[in-house]
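The chain contents come next:
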Amino acid sequence: MTGKVALSRRPIIVDDLLNDANYIQDSQPARSEICVPLLSRGQLVGVIDSEHPDAHAFGPAELEILTTVAAMTSAKLELLDEADRSQRRYADLVKTHAKLSEEICNRKALEAKLHDARRNEAVGQLTGRLAYDFNNLLSIISGNLELVEAYFKEPSSRRFLNEASLASQRATRLVSDLLVFAQRSKLTFSKTNMNDLVADLCGVSVVPNNVTLQLDLSPIDLVADTDVSAAKSAINAVISNGIEAMADGGTLTVSTDIVGRSTMSRLMLPRVLSPGVYVSVKVVDTGTGMTSDQIERVFDPFFSTKPASSGYGLGLSMVHGFMKQSGGAVVVSQNTPKGTILELFFPVQP
């Protein structure tokens, strides 16, 4: 009976099932039956069926009641379906908005990186050309100073010449730093035991009495491919910066480790590095620290948190240039609760 209603989509009342050849008796026999189709948006979704043990139990009143129930049920099903679709549409909208926001953020980040890369490239090209030209001028100045020193023997004259010679040497070092920053210096790579290099540097570092130097070297040999002289200059510059940041005293910790071998340590690599294995040299101080704005500018040429009259040279920008040219990186972050963390990554060739 229900199958017949489902096919015809029309209600049926059977007064006496004993006279109906299509009736299939259930476990509890019935004499009369009423069936009403359940339609939703023109589609059959079910059948409401009711049986009675007495004959002629159903009439127009029962048919009207079941038809009303079927209509109300269909309306409720449509409302539930619409609510479900609305929820899905809302979820899709939220997901699309989140994806769009992420793409906008990624695009802005890429634009910022592109801007920095173009700026650094322009500054590097200008710096490299100026460094070469200035170096040629310094060669002439230094040569002439040596000739003048050979002719003037008076102590008063030699004092002025010595000052001029020292200034010339300082300018020469500045030119060398400029070439490193511009990534145009000539580097000679060799396999270097970084534990030994760091230990030697810390052994000769001048540390004030109010600063404690802690050395935490990896128990395994850490061999990296680097220019030894430039690596010493870079690590020494970072150590010196850490000491200078602790005028009131503190603790400077220098540690070494290897990263990039395991899945977990690969996640610790900075994004600027290509996948691979690196020796990490980390310098942590408990000094005055830097603000977020200062950290963003820390690798800019001639940027310093010290007074304008203190120090000279390119500072950490030279370290940044050398590490980038050697295939590594230097990363700066805030130390909690105070101080700064500077970590250098030296590549390890397989």
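Conventions adopted
Residues numbered from 1 in each chain as written. Predicted model: local features only at pLDDT ≥ 70, side-chain atom pairs only at ≥ 80, totals over all residues. Heavy atoms only, no water. Pairing = 2+ DSSP bridges. Helix = DSSP H or I, 4+ residues; strand = E, 2+ residues; numbered from the N terminus. Axes fitted to C-alpha atoms, helices over the stretch in contact; angles between N-to-C directions. Buried < 20%, exposed > 50% of the residue type's maximum accessible area, 1.4 Å probe, protein only. Contact = heavy atoms within 4.5 Å. Polar contact = N/O pair within 3.5 Å; in protein donor to acceptor, adjacent residues only side chain to side chain. Salt bridge = Lys/Arg side-chain N within 4 Å of Asp/Glu carboxyl O. Patch = residues over 30% accessible without salt bridge, like charges linked within 9 Å, V, L, I, M, F, W, Y side chains within 5 Å. Areas by Shrake-Rupley, 256 points an atom, 1.4 Å probe, with all protein chains shown as cover. Parallel < 35°, antiparallel > 145°, perpendicular 65-115°, else oblique. Left-handed = near helix turned anticlockwise from the far one by under 90°. Nonpolar A, V, L, I, M, F, W, Y, C, P; charged D, E, K, R; others polar.

1. Here's the deal with the sheet that holds strand β9 (residues 329–334)
Sheets are built from strands that pair by backbone hydrogen bonding, the pairs being arranged parallel or antiparallel.
Then step 1. Read across the open sheet, the five strands follow the order β5-β7-β8-β10-β9; overall the sheet is mixed. The sheet is open, and its two edges are formed by β5 (211–216) and β9, each paired on a single side. On average, adjacent strands in this sheet sit at an angle of 15° to one another, irrespective of strand direction.
Then step 2. Alignment of strand β7 (residues 250–259) against strand β8 (residues 278–285), held across eight bridges, turns out to be antiparallel.

2. So, the environment of Arg 10
Then step 1. Mapped onto the fold, Arg 10 is located in the loop between α1 (2–8) and β1 (12–14).
Then step 2. Here Arg 10 falls in the exposed class, since its relative accessible area comes to 60%.
Then step 3. Sequence-distant contacts of Arg 10, defined by excluding residues within four places in its chain, comprise Val 5 and Pro 37.

3. A look at the side chain of Asp 16
Then step 1. Position of Asp 16 relative to the elements: it lies in the loop between β1 and β2 (32–40).
Then step 2. Within the local environment of Asp 16, its side chain forms a polar contact with the backbone nitrogen of Leu 18, the two atoms lying 3.1 Å apart.
Then step 3. Discounting chain neighbours no more than four positions away, the residues touching Asp 16 are Arg 31 and Ala 55.

4. Notes on the pattern of salt bridges
Then step 1. Summed over all chains, the structure comprises nine salt bridges.
Then step 2. Taking the shortest distance from any N to any O, the salt bridge between Arg 41 and Glu 82 comes out at 3.8 Å. Taken together, the residues Arg 41 in the loop between β2 and β3 (43–52) and Glu 82 in helix α2 (residues 60–151) connect sequence positions 41 residues apart.
Then step 3. Assessed through its relative accessible area of 47%, Arg 41 is described here as partly exposed.

5. Some words on a nonpolar patch on the surface
Then step 1. Taken together, the side chains of Val 45, Leu 77 and Leu 80 make up a nonpolar region of the molecular surface, amounting to roughly 250 Å² of accessible area.
Then step 2. Among the structural elements, Leu 77 can be located in helix α2.
Then step 3. When its relative accessible area of 35% is taken as the criterion, Leu 77 is described as partly exposed.

6. Thoughts on the environment of Leu 197
Then step 1. Here Leu 197 is to be found in helix α4 (residues 194–204).
Then step 2. For Leu 197, a relative accessible area of 4% corresponds to the buried category.
Then step 3. Considering only alpha carbons, one finds Leu 197 and Lys 232, 35 residues apart in sequence, at a separation of 7.4 Å.
Then step 4. Apart from residues no more than four positions distant in its own chain, Leu 197 is found in contact with Thr 192, Val 228, Ala 231, Lys 232 and Ile 235.

7. Observations regarding the sheet that holds β3
Then step 1. Strands sit in the order β1-β2-β3 across an open sheet of three strands; the sheet is antiparallel. Strands with a single pairing partner mark the edges of an open sheet, and in this sheet they are β1 and β3. Across this sheet, the average inter-strand angle for adjacent strands is 15°, counted without regard to direction.
Then step 2. In the sheet, β2 pairs with β3 via nine bridges, with the strands oriented antiparallel.

8. Remarks on helix α8 (residues 316–325)
Residues spaced three or four apart along an α-helix point in a common direction, a consequence of the helix completing one turn every 3.6 residues.
Then step 1. Of all ten residues making up α8, seven are buried, and the element is well covered by its neighbours.
Then step 2. Residues of α8 that are buried: Leu 316, Ser 317, Met 318, Val 319, Gly 321, Phe 322 and Met 323.
Then step 3. Phi turns positive, to about 90°, at Gly 327, one or two residues after α8.

9. Comments concerning the packing of α4 against helix α5 (residues 228–244)
Any two packed helices are characterised by the angle at which their axes cross and by the distance between the axes.
Then step 1. Where α4 meets α5, the closest approach of the two axes is 10 Å, and the angle between their N-to-C directions is 50°. Between α4 and α5, the angle falls in the class oblique. Crossing angle aside, the handedness with which α4 passes α5 is right-handed. The segment α4 lies against α5, with Met 194, Leu 197, Val 198, Leu 201 and Cys 202 engaging Val 228, Ala 231, Lys 232, Ile 235, Asn 236 and Ile 239.
Then step 2. A per-class count over the contact of α4 with α5 returns nine nonpolar, one polar and one charged.

By themselves, these are just geometric observations and shouldn't be taken as functional.
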